[in-house]
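# Fold and contact review
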2 protein chains.
Amino acid sequence: MSNKIEPRILKGFRDFLPSKEIERKRIIGILEKNFESFGYVPIDTPVLEYTEVLLGKGGGETDKQVYRFEDNGGRDVSMRFDLTVPFARYMAKNRNDLHLPFKRYHINKVWRGENTQRGRYREFMQCDFDIVGIDTASADFEILMMMHDSMKAIDVNDITIHFSHRGIFNRLLDRLEILSSSVDILRIVDKLGKIGEEEVMALLKELTTESNAKEILDFIKPAGSDEESLAKMERAAGGTSDDTERLKTIFGYIKECGMEDSFKLDPSITRGLDYYTGIVYETFLDELPGIGSVCSGGRYNNLASLYTKEELPGVGAAIGLDRLLAALEELGRVSEKQSVTDLLILALDEKLYGHYHNLSRQFRKADINCEVFHTKKKLNAQFKYAEAKSIPFALICGEDEFSSRTVNIKDLDKRENWNGLTVDEAIAKLSENKR
Amino acid sequence: MSNKIEPRILKGFRDFLPSKEIERKRIIGILEKNFESFGYVPIDTPVLEYTEVLLGKGGGETDKQVYRFEDNGGRDVSMRFDLTVPFARYMAKNRNDLHLPFKRYHINKVWRGENTQRGRYREFMQCDFDIVGIDTASADFEILMMMHDSMKAIDVNDITIHFSHRGIFNRLLDRLEILSSSVDILRIVDKLGKIGEEEVMALLKELTTESNAKEILDFIKPAGSDEESLAKMERAAGGTSDDTERLKTIFGYIKECGMEDSFKLDPSITRGLDYYTGIVYETFLDELPGIGSVCSGGRYNNLASLYTKEELPGVGAAIGLDRLLAALEELGRVSEKQSVTDLLILALDEKLYGHYHNLSRQFRKADINCEVFHTKKKLNAQFKYAEAKSIPFALICGEDEFSSRTVNIKDLDKRENWNGLTVDEAIAKLSENKR
């Protein structure tokens, strides 16, 4: 008879074992450094908010997915389901303490009670970066460059960022006198990649005339070159406008920075959400386009309209970290390191533990991650521990070495030994050979 | 008339503005690096767990503080209120994938619906590190050394780690034949610092005889030196034992590593929680002892007994990050940086934006955090932005500099100018003068 509790976890939630968490933190660390190199600053917001603040006074399609409850003080609260709504609330609340344009990044967990059968998680990471309080081509381009450089920074080199401009699409709908159906049309167009042209055509015809449907379908098909696509879009939208000029300016920056190989003007990119007003984009891995966009976003003209009359235009993107990590895993691009320890000090003599610990500090001070084996077990068990933790080097110090103030270092992979080193010599050897 | 929603946040929850979040992340980064230098690996667990898993089948004093609710699937779930219980569940669940001894750290948020009037937060950070699956003096000492070195790493040098041994205290209670009241006695003794000797004596006398109360009070008072304290404890506990030997061994390591100035044997440290069985400790800032312990913990002999029959002895500590940050703020020891940007490229000429962005990439590649000012505003407004973001340097490049392929750099604090530099020269100057 056992009255133990089963250590189970909730469906859609995950434990992260060390190798996965090390890799996730490594990637997040690189992204953070990259965002900061562009002048973006980190912020944090509460996981729990008033439900009204997150969902507004009405309630949309996401509501059913939200973790919502009454707290012990009788308040109607919810766990955040994205990082955009809390950011809008944050801008409105802290407006007087923030200088515009404000550039922030936020990498943290969000929760949605989604159907887990589609391989989705109920707890997952979002990674957002936005610049708010400005509406220029330079700001639009900065976000594109950050997306591009972020992927390169984590060694994802073969990407294509598909981009377009929502404003130009809206001008087409306006010309066709169907702008009022734009939300429904956007939702259909956004499915092009999944359901194909024929199905999109059929769905559009339910909403508008066949001739309009054809014009829309023609609009979203890329032409041979980006220049041709742009010219075609311009014609369809009724000629030159601020929106087409904006797109041309951004194009110019892309070329001047030599990044044109990673970008493609793709009029089928419209993004389903209706708050986008300008440039919109999605990022695909050339080796794994099927997994979908790993970094998407666009320009919006009014971030915090739910909370304040002040107009806060902005532009931003979000990296789908879980999808990106899954892709890297599929491409065999993730490290399976069980630790980041460089050196294990073996326990040869119980009396020498003080010395072992003293040695360990000297290595750590020289930036060599070092641990001491804490029980005097057989050497085999100690080597097995090193293997389990992917530790590449061992330090051996018995009574003889202690007397002569030396140590022996063993390269556990290459099975080489360097014997009779002083601590300084050992540090130099290890620093040279660190992996 | 306005139908805007008030952008308020819940009581006990906080937004983190950039300067605070930059500092928090800086400190966390240093701690993580330090933990990893000792071979500790990061893990992660879900924020939501089955209530039964977190609270057990019964329910204790913490229950009222837990954020507990029924999810949309009718499950009884709770938000984690600490990182210890999820860690125990994690060890039991993933036991086969983990090699013992297992060393992990976990820095993340937990939630408790505490009374906010006492200046407590309902959402706060915990920072735990533990080594599990081993019971030796070397492991005990490692945690002490990590506490010590963690504080030094974040430049908190004047600390005293007060430590004692729960086993020795229990031996005293056993000798006095009042071991069965140990939980209540521990709770009283733990209050010594707050309520004073007299009050402790009064409370103890309610539980046991005056002579016992006197012996306990005498036991918990430190003697002149650590050696005298140890001798006194040993006598009170009925002589030498494994526990006193363990304490002496740890003492030896502390001395051999030259850390004795930061340690003090303090028999009044017992920790309120009843799962501790061996060494226990609390850390005080010499400059601000009044704020209480910033890092505490101890040895326990059975981490995951709620979920598994396997005994998992361990030793660990937790840094009270929020308290520590508050203390550093009080000591004027936190940076108020609004960003980590090194260089702002000023917008002098609309036509040069492509060039500005191209320049920015070259600086970033040389590890200089660099941003472009995105609108052609008056220079005054641009300098004001640099000031608001604590950016120390500006780059000036107009048509003349563009033609001659040079740039001018301005040190905004010292009001010095370096003119007519090539990009490489500018990079060298900035790398030298970075702050």
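Residues numbered from 1 in each chain as written. Chains lettered and ligands numbered in written order. Predicted model: local features only at pLDDT ≥ 70, side-chain atom pairs only at ≥ 80, totals over all residues. Heavy atoms only, no water.

### Focus on the packing of aromatic side chains
Our working rule: When two rings of Phe, Tyr or Trp (its six-membered ring) have centres within 6.5 Å they constitute a pair, described as stacked for plane angles under 30 degrees, edge-to-face for angles over 60, and tilted for the intermediate range. A run of H or I in DSSP counts as a helix once it spans at least four residues, and a run of E counts as a strand once it spans at least two, with each numbered from the N terminus. Each residue's exposure class comes from its accessible area (1.4 Å probe, protein chains only) as a fraction of the maximum for that residue type: buried when under 20%, exposed when over 50%, partly exposed otherwise.
With the rule as written, the count across this model stands at 31 aromatic pairs over all chains. Centroid distance A:Tyr67 to B:Phe69: 6.5 Å. Interplanar angle 70°. Geometry classified as edge-to-face. One end of the pair, A:Tyr67, is in the loop between helix H2 (51-55) and strand E3 (68-70); the other, B:Phe69, is in strand E3 (residues 68-70), on a second chain. Assessed through its relative accessible area of 6%, A:Tyr67 is described here as buried. Between A:Phe141 and A:Tyr253, the ring centres sit 5.6 Å apart and the planes meet at 65°, which makes this aromatic pair edge-to-face. One end of the pair, A:Phe141, is in helix H4 (residues 137-153); the other, A:Tyr253, is in helix H10 (residues 242-256), with 112 residues separating them in the sequence. Pair check on accessibility: A:Phe141 and A:Tyr253 agree, each one buried. Ring pairing ties together the aromatic residues A:Phe13, A:Tyr67, A:Phe69, B:Phe13, B:Tyr67 and B:Phe69, which thus form one cluster.

### Structural notes on the UniProt feature "binding site: L-histidine" (unreviewed entry) in chain A
All names here are of chain A. The criterion, for reference: UniProt positions are given in the numbering used here, feature names are shortened, and annotations may be inferred rather than shown by experiment. Every residue pair with non-hydrogen atoms within 4.5 Å of one another is taken to be in contact.
Taken from the UniProt record, the annotation "binding site: L-histidine" (unreviewed entry) applies to Asp82, Leu83, Thr84, Arg112, Gln126, Asp130, Arg271, Tyr275 and Tyr276. Taken together, the annotated residues stretch across 195 residues and extend over separate regions, lying up to 22.5 Å apart by C-alpha. Those residues in contact with Thr84 that sit more than four places away from it in its chain are Asp128, Tyr275 and Leu303. Within the secondary structure layout, Tyr275 lies in the loop between strand E8 (263-265) and strand E9 (276-285). When its relative accessible area of 37% is taken as the criterion, Tyr275 is described as partly exposed. In this structure Tyr275 touches Thr84, Arg299, Tyr300 and Asn301, once residues within four positions along its chain are discounted.

### Re a positive patch on the surface
The criterion, for reference: Patch definition: residues with relative accessible area over 30% and no salt bridge; like charges joined within 9 Å; nonpolar side chains (Val, Leu, Ile, Met, Phe, Trp, Tyr) joined within 5 Å. Here the accessible surface of atoms and residues is derived via Shrake-Rupley with a 1.4 Å probe, and residues count as covered only by protein chains that are part of the display. When a carboxyl oxygen of Asp or Glu lies within 4 Å of a side-chain nitrogen of Lys or Arg, that pair is called a salt bridge. Asp and Glu are treated as the negative residues and Lys and Arg as the positive ones, with His and the ends of the chain left uncounted. Note that the charge is assigned to NZ on lysines, CZ on arginines, CG on aspartates and CD on glutamates.
A cluster of basic residues, A:Arg118, A:Arg187, A:Lys191, A:Lys194 and A:Arg323, forms a positive patch at the surface. We classify A:Arg118 as exposed; its relative accessible area is 56%.

### A closer look at the side chain of A:Ser150
Residue and element names in this part refer to chain A. The condition is simple: Counting of polar contacts relies on pairs of N or O atoms within 3.5 Å, with two restrictions inside protein: one atom must be capable of donating a hydrogen and the other of accepting it, and residues adjacent in sequence are counted only when both atoms are side-chain atoms.
Turning to its location among the elements, Ser150 is positioned in helix H4. For Ser150, a relative accessible area of 0% translates into the label buried. Separated by 2.5 Å, the side chain of Ser150 and the backbone oxygen of Met146 make a polar contact. Residues within four places of Ser150 in sequence aside, it is in contact with Leu31, Asn34, Phe35 and Ile319.

### Topic: the sheet that holds E3(A)
All names here are of chain A. Threshold: When DSSP finds two or more bridges between a pair of strands, those strands are recorded as paired. In this description, a line fitted to the C-alpha atoms serves as the axis of each element, helices being fitted only across the stretch in contact, and the angle between N-to-C directions of two axes falls anywhere from 0 to 180 degrees.
Within the open sheet, the three strands sit side by side as E2-E4-E3. Their pairing is antiparallel. At either margin of the open sheet sits one strand with a lone partner, and together these are strand E2 (48-50) and E3. Between one strand axis and the next, the sheet turns by 35° as a mean value, whatever way the strands run.

### Notes on the pairing of strand E11 (residues 314-319) of chain A
Residues and elements named next belong to chain A. Among the six residues of E11, five are classified as buried, and the element is accordingly described as predominantly covered. By the bridge criterion, six bridges tie strand E6 (residues 123-132) to E11 in an arrangement that is antiparallel. When the bridges of E11 are listed, Ile131 appears paired with Val315. Alignment of strand E10 (residues 295-300) against E11, held across six bridges, turns out to be antiparallel. When the sheet's bridge partners are listed, Ser296 is paired in E11 with Ala318.

### Description of the packing of helix H12 (residues 353-365) of chain A against helix H15 (residues 423-433) of chain A
All names here are of chain A. The condition is simple: Each angle receives one of four descriptions, namely roughly parallel if under 35 degrees, roughly antiparallel if over 145, roughly perpendicular if within 65 to 115, and oblique otherwise. Note: crossing handedness is left-handed where the near helix turns anticlockwise from the far helix by less than a right angle, and right-handed where it turns clockwise. Under the convention adopted here, Pro, Cys and the residues Ala, Val, Leu, Ile, Met, Phe, Trp and Tyr are nonpolar, Asp, Glu, Lys and Arg are charged, and Gly plus all remaining residues are polar.
At a closest axis distance of 10 Å, the pairing of H12 and H15 adopts a crossing angle of 45°. It follows that H12 is oblique to H15 by the angle criterion. Of the two elements, H12 crosses H15, and the hand of that crossing is right-handed. Across the interface between the two elements, Leu359, Gln362 and Phe363 from H12 touch Val423, Ala426, Ile427 and Leu430 from H15. Counted by class, the contact of H12 with H15 contains six nonpolar, one polar and no charged residues.

### Comments concerning the sheet that holds strand E15 (residues 407-411) of chain B
Residue and element names in this part refer to chain B. The mixed open sheet is built from five strands, whose spatial order is E13-E12-E14-E15-E16. Each of the sheet's edge strands pairs with one partner strand only, and the pair in question is strand E13 (370-372) and strand E16 (416-421). Each strand axis lies, on average, 20° off the axis of its neighbour in the sheet, ignoring direction. In this structure, strand E12 (residues 343-345) lies alongside strand E14 (residues 393-396), joined through three bridges in parallel fashion. Of the residues in E14, the one forming a bridge with Leu344 is Ala394. The strands touched by helix H15 (residues 423-433) within the sheet are E12, E14, E15 and E16, with E16 carrying the most contacts at an inclination of about 155°.

### Some details on the pattern of salt bridges
Per the stated rule, a full pass over the model turns up 70 salt bridges over all chains. For B:Asp71, the salt bridge goes to B:Arg75, with nearest N and O atoms at 2.8 Å. The same class applies to B:Asp71 and to B:Arg75, which are both buried. Taking the shortest distance from any N to any O, the salt bridge between B:Lys221 and B:Glu197 comes out at 3.6 Å. One end of the pair, B:Lys221, is in the loop between helix H8 (210-220) and helix H9 (226-236); the other, B:Glu197, is in helix H7 (residues 192-207), with 24 residues separating them in the sequence. A residue is classified by how much of its surface remains accessible, and B:Lys221, at 33% relative accessible area, is partly exposed. Owing to a relative accessible area of 39%, B:Glu197 belongs among the partly exposed residues under this scheme. One network of salt bridges, in which partners are shared, links A:Glu21, A:Arg24, A:Lys109, A:Glu123 and B:Asp44.

### Regarding empty space enclosed by the protein
Heads up, the rule is: With a 1 Å grid laid over protein atoms only, a set of points is called a cavity when a 1.4 Å probe fits there but cannot get out and a pocket when it is open yet has protein on both sides within 12 Å along at least five of seven lines; lining residues have an atom within 4 Å of a point. Grid points are joined across faces, edges and corners, and a volume is the space filled by probe spheres set on the points.
Counted according to the given criterion, the structure contains five cavities of 30 Å³ or more. In this model, the largest cavity occupies a volume close to 50 Å³. Forming the boundary of the largest cavity are A:Phe13, A:Arg14, A:Phe16, A:Arg24, A:Lys109, A:Glu123, A:Phe124, A:Met125 and B:Asp44. It is E6(A) that contributes the most residues to the lining of the largest cavity, three residues altogether. Split into classes, the residues belonging to the lining of the largest cavity amount to four nonpolar, no polar and five charged.

### So, the pairing of E10(A)
Residue and element names in this part refer to chain A. Counting buried residues in E10 gives six out of six residues, a clear majority hidden from the surface. Judged from the four bridges that link them, E9 and E10 form a sheet pairing that is antiparallel. Looking across to E10, one finds that Tyr281 is bridged to Gly297.

### Observations regarding the interface of chain A and chain B
Just so we agree on the cut-off: Buried surface area refers to the total accessible area, computed with a probe of radius 1.4 Å, that the two partners give up upon joining, counted for both partners together.
With 107 residues of chain A at the interface, the matching set in chain B holds 107 residues. For the pair chain A and chain B, the summed buried surface comes to about 9200 Å²; carbon and sulfur atoms form 59% of the total. When the area that chain A buries against chain B is broken down by residue, the three leading residues are A:Ile5, A:Leu10 and A:His374, summing to 8%. Taken together, chain A and chain B are joined by 14 salt bridges. The partner of B:Lys33 in a salt bridge is A:Asp367, and the shortest N-O contact between them spans 3.0 Å. Inspection of the chain A/chain B interface yields 52 residue pairs in polar contact (both at pLDDT 80 or more). Looking at the side of chain A that touches chain B, the element that brings in the most residues is helix H1 (residues 18-37) of chain A, giving nine residues. Within the side of chain A that touches chain B, the residues separate by chemical class into 47 nonpolar, 24 polar and 36 charged.

### Details of the domain arrangement of chain A
Put simply, an interface is often sized by how much accessible area is lost when its parts join up. How we decide: For the purposes of this description, domain bounds are those given by an automatic or database domain assignment.
Segmenting chain A into domains produces domain 1 (159-285) and domain 2 (343-433). Spacing between the C-alpha centres of domain 1 of chain A and domain 2 of chain A amounts to 61 Å.

### Notes on helix H3 (residues 84-93) of chain A
In an α-helix, one turn spans 3.6 residues, which is why side chains three or four residues apart end up on the same side. Burial within H3(A) is extensive, with eight of its ten residues counted as buried. Restricting attention to buried positions, one finds in H3(A) the residues A:Val85, A:Pro86, A:Phe87, A:Ala88, A:Arg89, A:Tyr90, A:Met91 and A:Ala92. Looking at the buried residues of H3(A), the elements they touch are E2, H2, strand E5 (102-111) and E6 of chain A together with helix H1 (18-37) of chain B.

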